[in-house]
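# Residue-level structural notes
What follows is each chain in one-letter form.
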Amino acid sequence: ACSQSTHSAVIVGFSVIKSAAAATSKLPLNLLSVVDAGGETNGCGDPGTSALVSSIIVTGDDTPVGCGDDTLWTRFVKSDGTAKEKLEEEEEYEDLPNPQQLGPNTMTEMVASFGVAPVWRDETRVKIAIRTIKPDSTKYKTYEQEDTKKPIAISMLNNGNVAMIHEESQKVGIYKLKDNGEVTMVSDVKLNDGDMPLKTVKKMIYDPAANALFIAGNVSGGKRGLARVDVGNGDGKLAWVKSVNAKVGTPALHLRRKSLKTEATEVLLLSRSFYARVDASDGSEKFVETADDGEYLSWLPEGVTPRAAYDPIRDVIYTTGDTRLREHNIKTGSVVAEEEFYLDPPSSWDIRIKDNNPMTDLSKYPPFCGPGPYPDHPKVKDNKWKGIDDEDDCQRNENDCPYDTRNEDCSDSDNICCVNNDCCILDSWGFFNNWRRVPSNDFPDGADAKAVYVTADGRINVVIVFSGYVLDEDDYYQTSVATFEYTGSSDNNGDSGDDDDDDDDEDTNKCIDMKSKSKCREMVTSTGCYWSRTKGCIKANKCSKIKNNKSACLKSTAHGECVYLMKKEGKYVCNDRAKSCIAKTKAAC
């Protein structure tokens, strides 16, 4: 059966179309390595954030049992499966807050971060700890300042200064980091070019090759907006503020460029509610797709805020979340291929990410108890366990379920009982108390992909956090970096956005050249053609506009999968008298 999908508005120039999720294929990947970067074994620590320079920087903090003072840890992981020795710094949270955001510079390899803590006895101010670090650093450089507003994003500039945006702000601050640990303001760039002020800033990204900042926020009329600030000699100058035709969503920003060290041609804005491509030089809008208010884009899974990366080698976008990795078409965002890398990985992989999950594997407990049947229960098959996590059965049926007596060759645990000579049950509370790691119920086996990065060698790296709690104790987490090799062909045409819409322009010209309705409808293009009474032959913006030409319908590819059907009893059905073109997602095949 064909199910109805969520549709969303797509705006290219002045045309509005509806898009539907298309069929996807398997993402051609091979898992090369899984590196455990750091974590918390039993305490109140939390995984931190991550970023990409030449390698991937991963952060977090851990505490001793009982949740004492934090220890901040940082590790650089390379795509060859090696990692630099973990850098640790003990601290008290109130004096030196942990990083909350990272601002990487792919040219200088320097990473800036900030952490925020309240100022004691002054609720109107916050303490900001700014740190800088490089892959070859042996310690952090730390700078401190106080402010009335919390920063929400930071960027490391080429000249060693940093740029920050703050909550409820309409400007970008550029700051000098002094050798004595002080922070002084260089300039305060207002994001207002007259008619189009950026009212509330949300996100920021730095293009070191262009020495330019891009800041996303809101503009008048409830629309989203994007500003460009040219840093220049260090003081910064507003180049432009442009609106983006979307009213819902806080997008992450990504740069479309030929490599990590070349100037971006487009800024990609991606939230769960809209996807937009904006020209990096002048702010002109090249593509926007929006979902209905409060809904998700049709090609994103519900409940997952997209964690994304742009791949300059293959000119695609990757998103991840839970335990899946998806490849997206750069032009429209639609999913091209995907892979479940944890629960059901390809059998050809030599290693498994599951092997790095620190959760307690119940299938391994209790230990094996010899080659023969259990001494007091000969009918119970060797090593057969059922209800291994259901201690209630042992407690509820104490008389009918005596604890098994073991000999010296068997487990030394007495937390085992057998029921009706049929199965054995482990009293998990007594056996596992204070050491079993129970995975979080929010994700499969407590595994959640937090970020994805594409390194200069084309390898795809996913940051995965395994988390949960220790039975009758505190929490645990482990941050790992899984590195994948792309085994398919790379189809990047090398322009990284310069001539992105040539195919669409060619289709438009083919349609315009048709001067009669019959010739218009017969024309086979990737979009199909539509005869308008006022405009003549124009490019079709959805399957149903291709009308009643079977060849033109089935050979169109721009609107998902189009099928040739007949409308019957209020729905489109497959039969021998089919005569209409329609999106397959609307059909009752």
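Everything in this summary refers to the structure shown in the same document. Values in this document were obtained by computation on a predicted structure and should not be read as measured data.

How each quantity is defined
Residues numbered from 1 in each chain as written. Predicted model: local features only at pLDDT ≥ 70, side-chain atom pairs only at ≥ 80, totals over all residues. Heavy atoms only, no water. Helix = DSSP H or I, 4+ residues; strand = E, 2+ residues; numbered from the N terminus. Buried < 20%, exposed > 50% of the residue type's maximum accessible area, 1.4 Å probe, protein only. Contact = heavy atoms within 4.5 Å. Areas by Shrake-Rupley, 256 points an atom, 1.4 Å probe, with all protein chains shown as cover. Pairing = 2+ DSSP bridges. Disulfide = S-S within 2.5 Å. Axes fitted to C-alpha atoms, helices over the stretch in contact; angles between N-to-C directions. Core = buried A, V, L, I, M, F, W, Y, C linked by side-chain atoms within 4.5 Å. 1 Å grid on protein atoms, 1.4 Å probe; cavity = no way out; pocket = protein on both sides within 12 Å on 5 of 7 lines; lining within 4 Å. Points joined across faces, edges and corners; volume = space filled by probe spheres on them. Nonpolar A, V, L, I, M, F, W, Y, C, P; charged D, E, K, R; others polar. Phe/Tyr/Trp six-rings, centres within 6.5 Å; stacked < 30°, edge-to-face > 60°. Lys NZ or Arg CZ within 6 Å of the ring centre and 35° of its normal. Salt bridge = Lys/Arg side-chain N within 4 Å of Asp/Glu carboxyl O. Polar contact = N/O pair within 3.5 Å; in protein donor to acceptor, adjacent residues only side chain to side chain.

## Some remarks on the overall build of the chain
Looking only at helices and strands, the chain features five helices and 40 strands. Counting every position in the chain, which comprises 589 residues, the buried fraction comes to 51%. Sequence-distant contacts in the chain: of pairs separated by 6 or more residues, those separated by 24 or more amount to 50%. Put simply, the chain shows about 27800 Å² of open surface, and 44% of that area lies on carbon and sulfur atoms.

## Considerations on the sheet that holds strand β27 (residues 324-329)
Note on sheets: strands pair through backbone hydrogen bonds, and any given pair is parallel or antiparallel. Spatially, the five strands line up as an open sheet ordered β3-β28-β27-β26-β25, and their pairing is mixed. Two strands bound the open sheet, and with one partner strand each, they are β3 (25-26) and β25 (307-311). Relative to β27, strand β26 (residues 316-321) is paired through six bridges, and the arrangement is antiparallel. Residue pairing in the sheet places Thr319 in a bridge with Arg326 of β27.

## A few points about the state of the cysteines
This structure, assessed with the given rule, holds four disulfides. Here Cys511 engages in a disulfide with Cys529; their sulfurs sit 2.1 Å apart. Taking the sign of the torsion about the S-S bond as the criterion, the disulfide between Cys511 and Cys529, at about -80°, is left-handed. With Cys511 in helix α3 (residues 502-512) and Cys529 in strand β35 (residues 529-532), this pair connects stretches of sequence that are 18 residues apart. Here the two residues Cys511 and Cys529 agree in accessibility, since each one is buried.

## Focus: the sheet that holds strand β18 (residues 212-218)
Spatial strand order, β17-β18-β19-β20: four strands in an open sheet with antiparallel pairing. Each edge of the sheet is formed by a strand with only one pairing partner; in this case those strands are β17 (200-207) and β20 (237-244). Averaged over all adjacent pairs, the angle separating strand axes in this sheet is 20°, with direction ignored. Sheet topology note: the β17/β18 ladder contains seven bridges and is antiparallel. Counted as the bridge partner of Tyr206 is Leu213 from β18.

## Details of the side chain of Thr132
Its place among the elements puts Thr132 in strand β11 (residues 122-133). Apart from residues lying up to four places away in sequence, Thr132 is in contact with Met110, Val111, Ala112, Tyr140, Lys141, Tyr143, Met156 and Leu177.

## Describing the nonpolar core
Ranked by size, the top nonpolar core spans 24 residues in total, and within it Tyr318, Leu325, Phe341, Ile353, Ile460 and Phe484 carry the most contacts. If you list the elements that add at least two residues to this core, you get β4 (29-43), β26, β32 (447-454), β33 (460-470) and β34 (475-486). Judged by nonpolar contacts, the second largest core, of 20 residues, contains Val172, Leu213, Val219 and Val231.

## Quick notes on the environment of Phe214
Mapped onto the fold, Phe214 is located in strand β18. When the C-alpha atoms of Phe214 and Ala227 are compared, they prove to be 5.6 Å apart, with 13 residues separating the residues in sequence.

## Quick notes on the pairing of strand β8 (residues 87-90)
For a regular strand, side-chain orientation follows a simple rule: the groups alternate between the two sheet faces. In β8, alternate side chains face the same way, and those of Leu87 and Glu89 are buried while those of Glu88 and Glu90 on the opposite face are not. Bridge analysis of strand β7 (residues 71-77) against β8 gives four bridges, and the strand direction is antiparallel. In the strand pairing of β8, Trp73 is matched with Glu88.

## Considering empty space enclosed by the protein
Across all of its chains, the model carries one cavity of 30 Å³ or more by this definition. Taken as a whole, the largest cavity holds about 50 Å³ of empty space. If you list the elements that add at least two residues to the lining of the largest cavity, you get β6 (56-62), β10 (111-119) and β11. With three residues, the top contributor of residues to the lining of the largest cavity is β10. The class makeup of the residues in the lining of the largest cavity is seven nonpolar, three polar and one charged.

## Quick word on the packing of aromatic side chains
Within this structure, the stated rule accounts for six aromatic pairs. Between Trp349 and Phe484, the ring centres sit 5.6 Å apart and the planes meet at 50°, which makes this aromatic pair tilted. Note that Trp349 is positioned in the loop between β28 (335-340) and α1 (391-396) and Phe484 in strand β34, a separation of 135 residues in sequence. Among the aromatic side chains, those forming a connected cluster through ring pairs are Tyr275, Phe287 and Trp299. Over the ring of Trp73 we find Lys86; its NZ or CZ atom is 5.6 Å from the centre of that ring. One Lys or Arg, Arg437, reaches over the ring of Tyr476 and ends 5.5 Å from the middle of that ring.

## Points about the pattern of salt bridges
Going through the model one piece at a time under the given rule, you end up with 16 salt bridges. One salt bridge connects Lys171 with Asp188, and the closest N-O pair in it is separated by 2.9 Å. Separated by 17 residues along the polypeptide, Lys171 in strand β15 (residues 171-177) and Asp188 in strand β16 (residues 183-190) bring together distant segments of the chain. One salt bridge connects Glu338 with Arg324, and the closest N-O pair in it is separated by 3.4 Å. Pair noted here: Glu338 is in strand β28 and Arg324 is in strand β27, with a separation of 14 residues, a long-range link. Sharing partners across several salt bridges, the network here consists of Arg256, Glu266, Arg277, Lys286 and Asp315.

## Quick word on the environment of Arg352
Following the sequence through the fold, Arg352 ends up in the loop between β28 and α1. Remark: the alpha-carbon pair of Arg352 and Tyr342, spanning 10 residues in sequence, is separated by 7.5 Å. Apart from residues no more than four positions distant in its own chain, Arg352 is found in contact with Leu31, Pro345, Pro346 and Ser347. Separated by 3.4 Å, the side chain of Arg352 and the backbone oxygen of Pro346 make a polar contact.

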